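Residue-level structure breakdown
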Amino acid sequence: MSAGSVAPVVIVGAGLAAWTTARELRKRDAAVPIVLVTQDSGDFYAKPTLSNAFGQKRSPQQLVTTAAADMAANLHVQLHAHSTVQSMDTAARTLELVQAGAVQTLAYGQLVLATGAHPIRIPMQGDAANAVSSVNHLDDLRRLHADLHALPARAQGQAATVLVMGAGLIGCEFANDLLSAGYAVHVVDPSPRPLAALLPAPAGEQLRQALQDLGVVWHFGTTVQRLDAATGGAQRWLATLANGTTLATDAVLSAVGLRADTALASQAGIACERGVLVDAQLQTSAPGVYALGDCAQYASAGGRTLPYVMPIMNAARVLAANLAGTPDVLVFPLMPVAVKTPALPITVAAPDPALQGEWVQDAEATDAQAGGAWRFVDAAGAQRGFVLTGKQTAKRMEWSKATLP
Ligand SMILES: Cc1cc2nc3c(=O)[nH]c(=O)nc-3n(C[C@H](O)[C@H](O)[C@H](O)COP(=O)(O)OP(=O)(O)OC[C@H]3O[C@@H](n4cnc5c(N)ncnc54)[C@H](O)[C@@H]3O)c2cc1C
């Protein structure tokens, strides 16, 4: 059969998961037709750079490392950009996409869902509740960038204020980034400290102090309840917190978490829980349909979603092998994540939340100047995770070797 008559591998999405799968598949098979369908432009950028662009004075456009047309040409991929897949028929192996208002049907041999995740929106009261933004895509950053640069307060040379909802990884990174770009930053979170779900308390305390020293004003143990247009004063909005505090601000950035985008898969009857369920071969419950990236919930990770870069790189290699007809199974290695908070660099290899164990502090490094080091030890005494802060992050390789995945 000639390559032209083979039903293509169709990939839905154009984020890191989609493009990495296309690249890995091309390495293994120069001929198989690959079609990529995405509702965005398809331009390639590293999503982690979204949360350090302000401080580095890089415009959103400067984050694009390869234009979509070049990606498509380099990988011999047929690209349908600005096209939304609206439904799939997994029995007929077809999908329907909408491009500029016109509906097209596309046949696939194998299908990869790489549809990412949506920012979680917390219901809020107030006449300005719709002004809350979130950043999970380059286009979101473009809007935030344009909005902040148009603020009258900046034209007068005053520091504009941004209220960040959420002191998790993305909230803390944006807080640090916006401060380095000269904004005044408030962070609101119901937890008692930043990165409370990820770090042992003393490490979170170091981060709280480091960002506070830089200028962050923290509001822990509370949430934003309403956002209204401010009457008078320099700032645009007035946020009311559950503890009764009111804060005048120019922008509100929500970073309260992501939810896997399972809409397409669920609609097609594919099994989903917190993400699209995939087995160790990245196969969903529908034959010939695979998933990876922020939309996936991995059997290889004990049924967790893993919305980070390293899981995608590992999953894409195994998926490409399976798509190319050389079966392989996914075993995740230890995948430490570097938190991009220059005020206090942190590397965290998070243990599986289902593991019983405790955090043990390394006696040699305990203050914020020197950084800190904590190991997660399971009930059998094995090291199953770690957190390194400040100068201790240099030990990342050494500690990774000493940790069981
Ligand atoms: C601000 C920020 C900072 C981060 N920093 C780090 C970090 O430092 N380290 C780290 O490991 N991870 C980090 N992450 C996480 C990491 O970037 C993501 O896990 C990864 O980029 C997700 O890639 P993806 O391809 O799965 O999803 P996405 O990049 O979200 O791509 C989804 C794609 O699917 C397309 N799509 C969705 N539905 C449809 C449809 N129906 N039809 C057509 N197309 C569709 C979208 O247009 C998009 O192209 C960060 C994330 C954010 C938001």
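Residues numbered from 1 in each chain as written. Predicted model: local features only at pLDDT ≥ 70, side-chain atom pairs only at ≥ 80, totals over all residues. Heavy atoms only, no water.

1. Re the overall build of the protein
This is how the line gets drawn: Here a strand is any run of E in DSSP of at least two residues, a helix any run of H or I of at least four, and the numbering for each starts at the N terminus. C-alpha atoms define the radius of gyration in this analysis, and the globule rule sets the expected value at 2.2 Å times the number of residues to the power 0.38. Per-residue accessibility, obtained with a 1.4 Å probe over protein chains only, is compared with the maximum for each type, and a residue is labelled buried under 20%, exposed over 50%, and partly exposed between these values. Should any heavy atoms of two residues lie within 4.5 Å, those residues are considered in contact. In this description, accessible areas are obtained by the Shrake-Rupley approach with a 1.4 Å probe, and a residue is regarded as covered only by the protein chains that are shown. Only four residue types enter the charge count: Lys and Arg as positive, Asp and Glu as negative, with His and the chain ends excluded. The location of each charge is read from NZ of Lys, CZ of Arg, CG of Asp or CD of Glu.
A tally of regular secondary structure across the protein gives nine helices and 26 strands. Relative to the 2.2 N^0.38 estimate, which gives 22 Å for 405 residues, the radius of gyration of the protein is 23 Å and therefore close to what a compact globule would have. Referenced to the eigenvectors of the C-alpha coordinate spread, the extents of the protein come out at roughly 65 × 55 × 35 Å. A buried classification covers 49% of the 405 residues belonging to the protein. By sequence separation, contacts in the protein at least 24 residues apart represent 59% of the contacts at least 6 residues apart. A total of about 17500 Å² of accessible surface is found on the protein, and carbon and sulfur atoms cover 53% of it. Positive and negative charge centroids in the protein, built from 27 and 30 side chains respectively, lie 3 Å apart.

2. Observations concerning the sheet that holds strand β14 (residues 224–229)
Quick note on the threshold: Note on pairing: DSSP must find at least two bridges between two strands before they are called paired. To define axes, lines are fitted to C-alpha atoms, for helices over the stretch in contact only, and angles between the resulting N-to-C directions are given on a 0 to 180 degree scale.
Across the sheet, which stays open at both edges, the three strands sit in the order β14-β15-β16 with antiparallel pairing between neighbours. Because the sheet does not close on itself, it has two edges, and the strands there are β14 and β16 (246–249). Between one strand axis and the next, the sheet turns through 25° on average, direction left out of account. Direction of pairing for β14 relative to strand β15 (residues 237–241): antiparallel, over a ladder of five bridges. Its bridge partner lying in β15, Ala229 is registered against Trp237.

3. Overview of the side chain of Ser400
Note that Ser400 resides in helix α9 (residues 396–401). Assessed through its relative accessible area of 18%, Ser400 is described here as buried. Discounting chain neighbours no more than four positions away, the residues touching Ser400 are Leu334, Pro336 and Phe386.

4. Some points on helix α1 (residues 16–28)
Counted only if it meets this: By this rule, a helix spans an expected 1.5 Å times one less than how many residues it contains.
Here α1 spans 18 Å end to end across 13 residues, near enough to the 18 Å set by a 1.5 Å rise per residue. Listed in full, the buried residues belonging to α1 are Ala17, Ala18, Trp19, Thr20, Thr21, Ala22, Glu24, Leu25 and Arg26.

5. Details of the packing of aromatic side chains
Quick note on the threshold: A pair of aromatic rings is counted whenever rings of Phe, Tyr or Trp (Trp by its six-membered ring) have centres within 6.5 Å, and the orientation is called stacked for planes under 30 degrees apart, edge-to-face for over 60 and tilted otherwise. Geometrically, a lysine NZ or arginine CZ counts as sitting over a ring once it is within 6 Å of the ring centre and also within 35 degrees of the ring normal.
Applying the stated rule across the entire model yields five aromatic pairs. Centroid distance Trp218 to Phe220: 4.9 Å. Interplanar angle 20°. Geometry classified as stacked. Above the face of the Phe44 ring, Arg23 is positioned so that its terminal group lies 5.9 Å from the ring centre. Seen from the ring of Trp399, Arg375 lies directly overhead, with NZ or CZ sitting 4.2 Å from the centre.

6. Overview of the side chain of Asp140
To keep things clear, this is the line we draw: Polar contacts, as counted here, are pairs of nitrogen or oxygen atoms within 3.5 Å of one another; within protein the pair requires one atom able to donate a hydrogen and one able to accept it, and residues that are adjacent in sequence qualify only if both atoms are side-chain atoms.
Mapped onto the secondary structure, Asp140 falls in helix α3 (residues 138–149). We classify Asp140 as buried; its relative accessible area is 17%. A distance of 2.8 Å separates a polar side-chain atom of Asp140 from the backbone nitrogen of Asn136. Look past the residues within four positions of Asp140 in its chain and what remains in contact with it is Ser134 and Val135.

7. As for the site of the ligand
Heads up, the condition is: The cutoff for a nearby residue is simple: one of its non-hydrogen atoms must lie within 4 Å of the molecule or strand.
Contacts to the ligand come from 34 residues, most closely from Asp40, Lys47, Asp294, Val309 and Lys340. Residue Ala14 places a main-chain N or O atom 3.0 Å away from an oxygen atom belonging to the ligand. Between the ligand and Lys340, the relevant distance is 2.6 Å, taken from an oxygen atom to a side-chain nitrogen or oxygen of the residue. The fraction of the free accessible surface of the ligand (1000 Å²) that becomes covered by protein chains is 93%.

8. Here we look at the sheet that holds strand β12 (residues 184–189)
Strands belonging to one sheet form pairs held by backbone hydrogen bonds; the direction of such a pair is parallel or antiparallel. Read across the sheet, four strands follow the order β13-β12-β11-β17 without closing on themselves; strand pairing throughout is parallel. Each end of this open sheet is capped by a strand with a single partner; those strands are β13 (217–220) and β17 (251–254). With direction set aside, neighbouring strand axes in the sheet form an average angle of 20°. As judged from the four bridges shared by strand β11 (residues 161–165) and β17, these two strands associate in the parallel manner. The partner of Met165 across the bridge, within β17, is Ser254.

9. Here we look at the domain arrangement of the protein
Note the cut-off: Just so you know, the domain bounds were taken from an automatic or database domain assignment.
Considered domain by domain, the protein is made up of domain 1 (3–118 + 259–323), domain 2 (121–254) and domain 3 (345–401). Each of domain 1 and domain 3 has a C-alpha centre, and the two are 33 Å apart.

10. What to know about unusual backbone geometry
The bulk of non-glycine residues show a negative phi, and the bulk of peptide bonds are trans. With a phi angle near 55°, Lys57 is a residue other than glycine that sits in the positive phi range. Looking at where Lys57 falls in the secondary structure, it is placed in the loop between β3 (44–45) and β4 (64–66). A relative accessible area of 68% means that Lys57 is categorised as exposed. One non-glycine residue, Leu195, adopts positive backbone phi at about 50°. Relative to the elements of secondary structure, Leu195 occurs in the loop between β12 and α6 (201–214). Judged by relative accessible area, which is 4%, Leu195 ranks as buried.

11. Let's talk about the pairing of strand β26 (residues 383–389)
Across the seven residues of β26, six count as buried, placing the element largely inside the fold. Where strand β23 (residues 346–349) and β26 come together, four bridges link them in antiparallel fashion. Across the sheet, Val348 pairs through a bridge with Val387, a residue of β26.

12. Focus on the pattern of salt bridges
The condition is simple: Only one rule defines a salt bridge in this text: a Lys or Arg side-chain nitrogen within 4 Å of an Asp or Glu carboxyl oxygen.
This structure, assessed with the given rule, holds nine salt bridges. Two residues, Arg143 and Asp140, come together in a salt bridge whose shortest N-O distance is 2.8 Å. On the criterion of helical spacing, the pair formed by Arg143 and Asp140 is a turn pair, its members being three residues apart in helix α3. As a salt-bridge pair, Arg384 and Asp378 come within 3.0 Å of each other at their nearest N and O atoms. Exposure remark for Arg384: the relative accessible area of 22% places this residue in the partly exposed category. Classification of Asp378 as buried rests on a relative accessible area of 11%.

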